[in-house]
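Descriptive structure summary
Here are the chains, one letter per residue:
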Amino acid sequence: MCMALGGRVAESITFRVITGAQNDLHKVTKIAYSQVRTYGMNESMGPILFPDEDRNSREFGVRPYSKRLANTMDDETRNIIASAYKRTESIFLQHRHMLEKIAEELLLKETLNYHDMKALVGSPPHGQKQLIEPLQFEAEINEQAGIAPGRSQQQSPPLPED
């Protein structure tokens, strides 16, 4: 969630204005609601599952829980998002010098790639990024799945000869 909120938080710290990041907020909200309603990852709600509503269902709008429980879910979701926002803000404030370098570069370029970031702020703290070519990645996945080299999952087995 912190990664998804990064752009929004960086804008508020650097420029004291927030211009967008609606899609990021949508993603974060969806993740937080899933933690509360679907995955049971919230202490006050406990291990409980309420599936997302099916808009095509005849029972659309009918919820298997009370308004009070719905309000609790909303509050817990809001708390999760606020906590992630504060954590993201804390990380950026701790490394503000890096954030300012990145912001200055983004004013010159619209996007930064891995090599740009490495040049600006140094190597990642958890080791270098290992670049894997798509074919190498597919071969490793196939090997783990027990698929013979040179064959993909989508290929059908050879037909027996008569």
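In this report, the structure presented in the accompanying data block is examined. (Residues numbered from 1 in each chain as written. Predicted model: local features only at pLDDT ≥ 70, side-chain atom pairs only at ≥ 80, totals over all residues. Heavy atoms only, no water.)

Section: the nonpolar core
Ranked by size, the top nonpolar core spans 16 residues in total, and within it Leu5, Val36, Met45, Phe50, Tyr65 and Met73 carry the most contacts. Of all the elements in the fold, those that place two or more residues in this core are helix H1 (2–14), helix H2 (22–38) and helix H3 (67–94). Among the elements that line this core, the one with the most residues is H3, at five residues. In this view, Met73 contacts Tyr33, Val36, Arg37, Met45, Phe50 and Tyr65; residues no more than four positions away in its chain are not counted. (Core = buried A, V, L, I, M, F, W, Y, C linked by side-chain atoms within 4.5 Å. Buried < 20%, exposed > 50% of the residue type's maximum accessible area, 1.4 Å probe, protein only. Helix = DSSP H or I, 4+ residues; strand = E, 2+ residues; numbered from the N terminus. Contact = heavy atoms within 4.5 Å.)

Focus: the layout of surface pockets
In this model, the largest pocket occupies a volume close to 1,100 Å³. Within the residue set of the lining of the largest pocket, elements represented by two or more residues are H1, H3, helix H4 (96–108) and helix H5 (114–121). The dominant element in the lining of the largest pocket, judged by the number of residues it contributes, is H1, at eight residues. Taken together, the residues of the lining of the largest pocket break down into 19 nonpolar, six polar and four charged. (1 Å grid on protein atoms, 1.4 Å probe; cavity = no way out; pocket = protein on both sides within 12 Å on 5 of 7 lines; lining within 4 Å. Points joined across faces, edges and corners; volume = space filled by probe spheres on them. Nonpolar A, V, L, I, M, F, W, Y, C, P; charged D, E, K, R; others polar.)

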